[in-house]
Amino acid sequence: DAGVIQSPRHEVTEMGQEVTLRCKPISGHNSLFWYRQTMMRGLELLIYFNNNVPIDDSGMPEDRFSAKMPNASFSTLKIQPSEPRDSAVYFCASSLQGSDTGELFFGEGSRLTVL
Amino acid sequence: AQSVTQPDIHITVSEGASLELRCNYSYGATPYLFWYVQSPGQGLQLLLKYFSGDTLVQGIKGFEAEFKRSQSSFNLRKPSVHWSDAAEYFCAVGASWGKLQFGAGTQVVVTP
């Protein structure tokens, strides 16, 4: 049973370049979350979708960040242009809202380094 | 505003000894409370959760946690740790599935 799949696992890029992170949630899950993890700020929720619709993007740091979910099985988080302070591990997670398990399933993360 | 405090950044424990990780939260209503574990290079895995009912909850890998409303705490315990329990542990609080506020984490080191 496949879990949340993220790609790439590692990305090294130069400042000013566009970065696209991808996520495939668990089949059947209706909510998808993007989190960012840094040493300084810990785990922060960036945005989440319910039934492919963005519900809360208040955690998105600035306009350079955008996220889409064109269908139930795919989401992207884009940073354009990237900056060194965007270096972090970005996690995608999915869950089934309305279930009684309440479990958030995380992917293995995408480690981004912006030089 | 909701917040989660994990007072211990780092804990070292001997294999076979007991472990307790502290978590305090601030929340306007009865929260959903979670403990997650993260092994190096991995995503987070749910250990246990509390929504309502029995305040002592059992989780995977032999962990348990107790919700104490009067103390706004949700401490995680394990009677006897194994070397494989070395990881980072996160307490989280939230009102709905996935929109969670995480604590800063506690790094657990297990010595032989």
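Turning our attention to the interface of chain A and chain B. Each partner contributes residues to the interface: chain A has 22 residues there, and chain B has 16 residues. Both faces considered, chain A and chain B share a buried interface measuring about 1,600 Å² in area, 56% of it formed by carbon and sulfur atoms. Remark: the boundary between chain A and chain B carries 0 salt bridges. The interface formed by chain A and chain B includes 4 residue pairs in polar contact (both at pLDDT 80 or more). Secondary-structure elements contributing two or more residues to the side of chain A that touches chain B are strand E4 (31–38), strand E5 (42–50) and strand E9 (88–95) of chain A. Of the residues belonging to the side of chain A that touches chain B, the class tally is 9 nonpolar, 8 polar and 5 charged.

Tracing the backbone through its elements, the reader meets A:Gly28 in the loop between strand E3 (19–24) and E4. As for A:Gly28 and A:Ser73, which are separated by 45 residues in sequence, their C-alpha atoms are 8.7 Å apart.

In this section: unusual backbone geometry. In this structure, the amide linkage connecting A:Ser7 to the following residue, A:Pro8, adopts the cis form with an omega of -10°. Within the element layout of this structure, A:Pro8 appears in the loop between strand E1 (5–7) and strand E2 (10–13). Note that the residue after A:Gln80, namely A:Pro81, is joined by a cis bond; omega there is -10°. Residue position: A:Pro81 is located in the loop between strand E8 (74–79) and E9. Phi angles above zero are rare outside glycine, and A:Asn52 is one such case at about 75°. Following the sequence through the fold, A:Asn52 ends up in the loop between E5 and strand E6 (53–56). We note that B:Lys61 has phi near 60°; this positive angle belongs to a residue other than glycine. Inspection of the secondary structure assignment puts B:Lys61 in the loop between strand E7 (56–58) and strand E8 (64–68).

Reading the values: rules and limits
- Residues numbered from 1 in each chain as written.
- Chains lettered and ligands numbered in written order.
- Predicted model: local features only at pLDDT ≥ 70, side-chain atom pairs only at ≥ 80, totals over all residues.
- Heavy atoms only, no water.
- Contact = heavy atoms within 4.5 Å.
- Buried area = accessible area lost by both parts, 1.4 Å probe.
- Salt bridge = Lys/Arg side-chain N within 4 Å of Asp/Glu carboxyl O.
- Polar contact = N/O pair within 3.5 Å; in protein donor to acceptor, adjacent residues only side chain to side chain.
- Helix = DSSP H or I, 4+ residues; strand = E, 2+ residues; numbered from the N terminus.
- Nonpolar A, V, L, I, M, F, W, Y, C, P; charged D, E, K, R; others polar.

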